[in-house]
Amino acid sequence: MNAESTTTKNIKNKTSQPGRTRYMVQIAMLAAVATVLMLFDIPLPFAPSFYQLDLSEVPVLIGAFAMGPMAGALIELVKVLINLVISGTSTAGVGELANFLIGCSFVVPAAWIYKNHKTKKNALIGMIVGTLCMAAVGGFLNAFVLLPAYAKAFGMPMDALVGMGSAVNKAITSLPTFCLFAVVPFNLIKGVVVSLITLLLYKHISRLLKGEAMV
């Protein structure tokens, strides 16, 4: 079978009714696993308590690699919505918005790079680029959108949020240093941890997603 006929077959599989059903079931399944993983988080010593590391991006990244960047964004969205329904929000929706936007900034670039040439090298490059994008986008959004929105939603002065950072990290003395010494390192660590676990699991789980027999 040549490359053109293989591509045509893949397109038909995705656009057929059974293909669409399978696609949506896999998105829902991976989002459900991600939601469960959100319940288990780990505080980091250099950041305030509302920044906690969880592994919910692992199934999202696996799904994005297996099904494409758009699927990754959908899994991220469904994960956040399920968590919102189950647990509600303690951040007036700001934390959920942050989780979606920053999660997408990681998985979408990584999956886009991997999609163009599916090799282990490209997967590594994609995860490195995704991690750097997540750190940069996370820092920018927290500085100019998310932390100001959080402070406004709860009627808190920004100095109070900065003070929460200073209490655990003496390098934090202002909003820029909060993002530089808490938000950016947090997202770098999360990207590295999620990437390493994905590397270990992807080959096995992707076979299940593609309907291949495990050996």
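How each quantity is defined
- Residues numbered from 1 in each chain as written.
- Predicted model: local features only at pLDDT ≥ 70, side-chain atom pairs only at ≥ 80, totals over all residues.
- Heavy atoms only, no water.
- Phe/Tyr/Trp six-rings, centres within 6.5 Å; stacked < 30°, edge-to-face > 60°.
- Helix = DSSP H or I, 4+ residues; strand = E, 2+ residues; numbered from the N terminus.
- Buried < 20%, exposed > 50% of the residue type's maximum accessible area, 1.4 Å probe, protein only.
- Axes fitted to C-alpha atoms, helices over the stretch in contact; angles between N-to-C directions.
- Parallel < 35°, antiparallel > 145°, perpendicular 65-115°, else oblique.
- Left-handed = near helix turned anticlockwise from the far one by under 90°.
- Core = buried A, V, L, I, M, F, W, Y, C linked by side-chain atoms within 4.5 Å.
- Contact = heavy atoms within 4.5 Å.
- Polar contact = N/O pair within 3.5 Å; in protein donor to acceptor, adjacent residues only side chain to side chain.

1. Focus on the packing of aromatic side chains
- The full count for this structure, using the stated rule, is 10 aromatic pairs.
- Relative to Tyr114, the ring of Phe65 lies with its centre 4.6 Å away and its plane at 40°, an arrangement referred to as tilted. Of this pair, Phe65 sits in helix H3 (residues 57-67) while Tyr114 sits in helix H5 (residues 94-116), and the two are 49 residues apart along the sequence.
- The exposure class of Phe65 is buried, given its relative accessible area of 3%.
- Overall, Tyr114 belongs to the buried group, its relative accessible area being 9%.
- Members of the aromatic cluster, joined through ring pairs, are Phe50, Tyr51, Tyr150, Phe154, Phe178 and Phe186.

2. Considering the packing of helix H6 (residues 120-153) against helix H8 (residues 175-209)
- Across the interface, H6 lies against H8 with an axial gap of 8 Å and an inter-helix angle of 150°. As summarised for this structure, H6 and H8 are arranged roughly antiparallel, according to the angle between their axes. Taken as a pair, H6 and H8 cross one another with a handedness that is right-handed.

3. Some details on the nonpolar core
- Within the largest apolar cluster, 47 residues are counted, with the highest numbers of intra-cluster contacts made by Tyr51, Leu61, Phe65, Met67, Ile75 and Phe178.
- Those elements that place two or more of their residues in this core are helix H2 (17-38), H3, helix H4 (69-87), H5, H6, helix H7 (158-168) and H8.
- Among residues more than four places away in sequence, those in contact with Phe65 are Ala110, Ala111, Tyr114, Lys118, Ala123, Met127, Thr198 and Tyr202.

4. Thoughts on the environment of Asp54
- With respect to the element layout, Asp54 can be found in the loop between strand E2 (52-53) and H3.
- On the accessibility criterion, Asp54 (7% relative accessible area) is buried.
- C-alpha of Asp54 to C-alpha of Leu37: the two residues are 17 residues apart in sequence and 6.6 Å apart in space.
- Ignoring any residue separated from it by four or fewer positions in sequence, one finds Asp54 in contact with Leu37, Met38, Phe40, Asp41 and Lys190.
- Here the side chain of Asp54 touches Ser56 through a polar contact of 2.6 Å, side chain to side chain.

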